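Results of the structural survey
Now for the letters of each chain:
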Amino acid sequence: MKDVPYISRPNRPLGVYAILYLAFLYIPVLFLPLFSFNDSLFIAFPLRGFTTNWYQQMLADEQMHAALMNSIKVGAASSVIATILGVFGAKAVTRFRMPGQKPVVAVIMLPLVIPEIILGVALLILLSRLGIPLSLYTITLGHILICVPFSMATLITRFEGFDKSMEEAAADLGDNAWWAFWRVTVPMVFPGILASLLLCFTISFDEFIMAFFLASTEPTLPIFIWGQLRFPQKLPSVLALGACILVISFVVVFFSQWLSRRGTSALPEAGV
Amino acid sequence: MATNNAYIRIEQVSKRFGSVVAVDQVDVSIAGGEFFSLLGASGCGKTTLLRMLAGFESPTSGEIYIDGAAMSGVPPHKRPTNMVFQNYAIFPHLNVHRNIAYGLRSERVTGKEAIKRVDEALELVKLQGFGDRRSNELSGGQRQRVALARALIRRPKVLLLDEPLGALDKKLREEMQLELRALQQSLNITFIFVTHDQEEAMALSDRIAVMSGGKTLQISTPKKIYNNPVNAEVANFIGQMNFLDASVVGLANGEALLDVAGWGRLKVSSRAEYLRCGANVLAAIRPEKLRLSDRRPADSENCVQGVIEAAAYLGDRSHFHVAVEGNDKPIAVAAQEVRVSPGESLDRGSRVWISWASDSLILLDKAEK
């Protein structure tokens, strides 16, 4: 132990703190998969035995499937649009100097700190004033609003991480702005684009408040689940669904983190 | 340089960044096939000038002509120039072959012809067989060669090089200098080379523009800049120089008689026609033009006595700092051999005689130091 540098010596109180911290974060979440396999309508100890009934019930629920599809549609559309906006926004912020740049960036990032309930109510009022009926499109609109800052933040680090002279070299070698963007900028920020897509999709997928205000008769999955809580006999299948979402979200977030940390050098080759 | 065969003309070009003047009314004419260097310390405006030639910056005022065509408003991708970037800017997502072939898209060269062109370029920079390597599998020298091949494959009329050898170690740098010069001569295209390394500029260039504070101080051949610098700044930047405060006490037959504190009266022939009696000037002499001996040399009328303050043995030559009475700064002497009596050596504290040939002393205007 003596030869370990002072700064990296193990610290027992900190270790205990770390374990408590992780327990606080994840033990409640782990009850979800645990009770989803419990052979009882009631969520209570002791456990009553193993069953996959709730999963079968979940798979048979047509309304749940419709809600799931709605969420996937909204998530896909809002993540793609938010990421496209994020790419151009991040490029503008990192590559050009324009008057009023800092205030503009601050305004773009604002939805990060504005409570979603305020954004939701504001959008609802605006849409009804404009006479636009609520639908999956209005939910998508709301989700784009809250996803763009996350997309920008992810992509700005990516743009800052590569040398501007790469784009200049592309221009020097005969590419106009669009070709240079397509052949150099996009491949260079590609891991950031993927990370942004995954991040925005997860944000949209579990977003409740905006969707609640902006939904019509077609619910997204969180709204559907919230509706199901009124029926006790449906609760275990909601747990089963929750467990599935938990696993998928974990995989997706893990994958997006891994992507955004990966160096560009290991990228697949794109373009000519 | 006569302007009628000038291939590139930079006319009254200035560039401001806010309140900073990076390039200040520069006039340069560069001939086709010339190896031209922009030399100066960092921040002197040399890179900005190069970037204006490439089209990455546009001049605040003035105009650049390449092959007779005005370049203002012409974007980088439409200019007859290509650039080797300081950090090489090799595309990390492409292998060597695709990096080099990058510039062929806009020339609509594809298929077998493209492969042939890339192979030629690889051969030119001696990287045959490296086409499949990824950029992170290349050494600094190889990256430099890829950057060169990628620029040359477009057969530019002008190649711009932004301190391309700066990142290489000394030995490799000297090797690449010879190769670059040979390449430039065999391709017969104009090279514009930015560097802060005066030896590199001297070794490579047909002509050098010495820059400082956004202005060109002197544009001439390496020999002329070294032997006849226009002012003390140029003299100091290109190699080392001893400066002596002097006043003119007599003028006759194109020669000036100077009074130098501690050195007595010295005769100088250069630029004598500009002088008048009583003017304060600088007399300057290169360290390697001075000789040291431990007794008064009989064969030279120009000599002065001093005491060695410091001595450094560098193998092929020795450097001495000699304190001479009447001078604030010690005199630098670079000697390949010293004339000493048998059994003597020149060390710290030795009394020595410094001597020189009359024609190695040059005269500079005082105000410009």
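Everything numeric in this text was worked out from a predicted model, so none of it was measured. (Residues numbered from 1 in each chain as written. Chains lettered and ligands numbered in written order. Predicted model: local features only at pLDDT ≥ 70, side-chain atom pairs only at ≥ 80, totals over all residues.)

**Describing the overall build of chain A**
Along chain A, the regular secondary structure elements total eleven helices and zero strands. Mapped in sequence order, the helices and strands of chain A form the string α-α-α-α-α-α-α-α-α-α-α. Overall, the C-alpha framework of chain A stretches about 70 × 70 × 35 Å when taken along its three principal axes. Of all 272 residues assigned to chain A, the portion counted as buried reaches 33%. The contacts of chain A with a sequence gap of at least 6 include a subset with a gap of at least 24, amounting to 79%. (Helix = DSSP H or I, 4+ residues; strand = E, 2+ residues; numbered from the N terminus. Buried ≥ 20, exposed ≤ 12 C-beta atoms within 10 Å, placed from the backbone. Contact = placed C-beta atoms within 7 Å.)

**Here's the deal with the confidence of the model for chain A**
Residues and elements named next belong to chain A. The share of residues in chain A with pLDDT of 70 or more is 94%, and the mean pLDDT across the chain is 85. When pLDDT is averaged over each helix and strand of chain A, the minimum, 80, is found for helix α11 (residues 235-261) and the maximum, 92, for helix α7 (residues 164-172). Per-residue pLDDT stays below 50 along residues 264-272; that stretch engages in 22 contacts with residues further than four places along the chain or on separate chains. (pLDDT = per-residue confidence, 0-100.)

**A closer look at the nonpolar core**
In this structure, Ile100(B), Ala149(B), Leu159(B), Leu160(B), Ile192(B), Val210(B) and Ala283(B) are the most contacted members of the largest nonpolar core, which totals 138 residues. Excluding residues within four positions of it along the chain, Ala283(B) makes contact with Leu244(B), Ala246(B), Leu258(B), Val260(B), Leu266(B), Val268(B), Leu361(B) and Leu363(B). Counting 13 residues, the second largest nonpolar core, distinct from the first, contains Met58(A), Met64(A), Ala67(A) and Leu239(A). (Core = buried A, V, L, I, M, F, W, Y, C linked by C-beta atoms within 7 Å.)

**Some details on the sheet that holds strand β4 (residues 61-66) of chain B**
Residue and element names in this part refer to chain B. Taken together, the four strands give an open sheet; going across it, the order is β2-β1-β4-β5, and neighbouring strands pair in antiparallel fashion. The sheet terminates laterally at β2 (20-31) and β5 (69-70), the two strands that pair on one side only. Relative to β4, strand β1 (residues 6-17) runs antiparallel, the two being bridged by five bridges. When the sheet's bridge partners are listed, Arg9 is paired in β4 with Tyr65. The strands touched by helix α1 (residues 46-54) are β1, β2 and β4; relative to β2, the strand with the most contacts, the crossing angle is about 60 degrees. (Pairing = 2+ DSSP bridges. Axes fitted to C-alpha atoms, helices over the stretch in contact; angles between N-to-C directions.)

**Digging into the environment of Ile81(A)**
Tracing the chain through its elements places Ile81(A) in helix α3 (residues 62-95). Along the primary structure Ile81(A) and Leu41(A) are separated by 40 residues, whereas in three dimensions their C-alpha atoms are 41 Å apart.

**Some remarks on the interface of chain B and chain A**
Quoted interface sizes are often the accessible area lost when the parts come together. Of the residues lining the interface, 23 residues belong to chain B; the matching set on chain A comes to 20 residues. Here the residues of the side of chain B that touches chain A sort into ten nonpolar, seven polar and six charged. (Nonpolar A, V, L, I, M, F, W, Y, C, P; charged D, E, K, R; others polar.)

**What to know about the sheet that holds strand β6 (residues 81-84) of chain B**
Residue and element names in this part refer to chain B. An order of β6-β7-β8-β3-β9-β10 is seen for the six strands of this open sheet, with the pairing classed as mixed. With partners counted over all chains shown, the strands left at the sheet margins are β6 and β10 (215-220), one partner each. Averaged over all neighbouring strand pairs, the angle between strand axes comes to 20 degrees, with direction disregarded.

**So, unusual backbone geometry**
Peptide bonds are mostly trans, and most non-glycine residues show a negative phi. Residue and element names in this part refer to chain B. Non-glycine residue Ala89 carries a positive phi angle of around 50 degrees. Looking at the secondary structure, you find Ala89 in the loop between β6 and α2 (96-101). Within the chain, Arg108 stands out as a residue other than glycine whose phi angle is a positive 55 degrees. Among the secondary structure elements, Arg108 is positioned in the loop between α2 and α3 (111-124).

**Notes on the pairing of β1(B)**
Residue and element names in this part refer to chain B. Examined bridge by bridge, β1 and β2 share eight bridges and lie antiparallel to one another. Note that in β2 the partner of Arg16 across the bridge is Val21. What sits between β1 and β2 in their antiparallel hairpin is a turn of two residues, with Gly18 showing a positive phi close to 65 degrees.

**Overview of the pairing of β4(B)**
Residues and elements named next belong to chain B. Here β4 pairs with β5 via two bridges, running antiparallel. Among the inter-strand pairings, Tyr65 is bridged to a residue of β5, identified as Ala70. Connecting the antiparallel pair β4 and β5 is a turn made up of two residues, with Asp67 showing a positive phi of about 50 degrees.

**Thoughts on helix α5 (residues 116-130) of chain A**
Given 3.6 residues per turn, any residue in an α-helix points the same way as the ones three and four places further on. Across its 15 residues, α5(A) extends 21 Å between first and last C-alpha, which sits within 8% of the 21 Å expected from 1.5 Å per residue. Once α5(A) finishes, Gly131(A) follows within two positions and takes phi at roughly 75 degrees, a positive value. (Expected span 1.5 Å × (residues − 1).)

**Digging into the packing of α3(A) against helix α8 (residues 177-205) of chain A**
Residues and elements named next belong to chain A. For the pair α3 and α8, the least separation of the axes is 8 Å and the interaxial angle reads 140 degrees. It follows that α3 is oblique to α8 by the angle criterion. For α3 against α8, the interelement crossing comes out right-handed. For the pair α3 and α8, the contacting residues are Ser71, Val74, Gly75, Ala76, Ser78, Ser79, Val80, Ala82, Thr83, Gly86, Val87 and Lys91 in the first and Thr185, Val189, Ile193, Ser196, Leu197, Cys200, Phe201, Ser204 and Phe205 in the second. A class-by-class count of the residues in the contact of α3 with α8 yields eleven nonpolar, nine polar and one charged. (Parallel < 35°, antiparallel > 145°, perpendicular 65-115°, else oblique. Left-handed = near helix turned anticlockwise from the far one by under 90°.)

**Looking at helix α1 (residues 12-36) of chain A**
Residues and elements named next belong to chain A. Taking 1.5 Å per residue, 25 residues should reach 36 Å; α1 reaches 36 Å between its end C-alpha atoms and fits that length. Maximum bend of α1: about 35 degrees, positioned at Tyr26, with proline Pro28 one to four residues after it. For α1, the buried fraction is low: two of the 25 residues fall into the buried class. (Bend = angle between axes of the 7 residues up to and from the residue.)

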